[in-house]
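One-letter residues, chain by chain:
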Amino acid sequence: MTRYLISFNDGAMDHIPGEDWPDVGKASHAVVQEAVDAGVWVFGAGLERQRASVVATDGLVTDGPYPETKEIIGGFSIVDVASREEALAWAAKIAVACRCAQEVRELMPDPETDAMLRRAGRR
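Computed from a predicted structure; not experimentally measured.

A. Here's a closer look at the overall build of the protein chain. A count of helical and extended segments in the protein chain gives 3 helices and 6 strands. Mapped in sequence order, the helices and strands of the protein chain form the string β-α-β-β-β-β-α-β-α. Judged by the C-alpha coordinates and their principal axes, the protein chain covers about 45 × 40 × 25 Å. By residue count, 28% of the 123 residues in the protein chain fall in the buried class. A separation threshold of at least 6 residues defines the contact pool for the protein chain, and within that pool the share at least 24 residues apart is 78%. As displayed, the protein chain has an accessible area near 8400 Å², and 56% of this comes from carbon and sulfur atoms. Seen as two clouds, the 13 positive and the 20 negative side-chain charges of the protein chain have centres 4 Å apart.

B. Local environment of the sheet that holds strand β1 (residues 2–9). Read from one edge to the other, the open sheet built from 4 strands follows the order β2-β5-β1-β6, with strand pairing classed as antiparallel. Of all strands in the sheet, those with a lone pairing partner are β2 (41–46) and β6 (103–106), marking the two edges. Averaged over all pairs of adjacent strands, the angle between their axes in this sheet comes to 20 degrees, without regard to strand direction. Against the sheet, helix α2 (residues 84–98) touches β1, β5 (73–81) and β6, its axis set at about 30 degrees to β1.

C. Structural context of unusual backbone geometry. A positive phi angle, near 60 degrees, is found at R99, a position not held by glycine. By the secondary structure assignment, R99 is in the loop between α2 and β6. What makes R99 partly exposed here is its relative accessible area of 34%.

D. Geometry of the environment of D20. Within the fold, D20 resides in the loop between β1 and α1 (21–38). Each C-alpha atom, one on D20 and one on G121, is 41 Å from the other, the two residues being 101 residues apart in sequence.

E. Expanded view of the side chain of S28. On the secondary structure map, S28 appears in helix α1. We classify S28 as buried; its relative accessible area is 18%. Once residues lying within four places of it in the same chain are set aside, the contact partners of S28 are A97 and C98.

Rules used throughout
- Residues numbered from 1 in each chain as written.
- Predicted model: local features only at pLDDT ≥ 70, side-chain atom pairs only at ≥ 80, totals over all residues.
- Heavy atoms only, no water.
- Helix = DSSP H or I, 4+ residues; strand = E, 2+ residues; numbered from the N terminus.
- Buried < 20%, exposed > 50% of the residue type's maximum accessible area, 1.4 Å probe, protein only.
- Contact = heavy atoms within 4.5 Å.
- Areas by Shrake-Rupley, 256 points an atom, 1.4 Å probe, with all protein chains shown as cover.
- Lys, Arg positive; Asp, Glu negative; His and termini not counted.
- Charge placed at Lys NZ, Arg CZ, Asp CG, Glu CD.
- Pairing = 2+ DSSP bridges.
- Axes fitted to C-alpha atoms, helices over the stretch in contact; angles between N-to-C directions.

Here it is, written out as structure tokens:
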């Protein structure tokens, strides 16, 4: 199985009228439940708009970055599926539920971290 990041840009859902948010919430949670039931859901969340901090290698913490474009992640889901095609199918379901386009990227495997999680009983 391979993990995929399915994400949308900050501001991608700004077109949704306030009165439609309950329906969007129900639809998106229905897709999450479907993914959980299918055994492919790993994690997902929306991100606080433009709230980030940068921690440098020396430990210095600064506010930002403050991108000049909207092409930063606004929310994401991680699924663990057998193929890119399956990840694209889940992204399509999420896109319909969230009413915005989704970007799909394959996450790089890390067998050492997976082994650590197995030893800790977390996988």
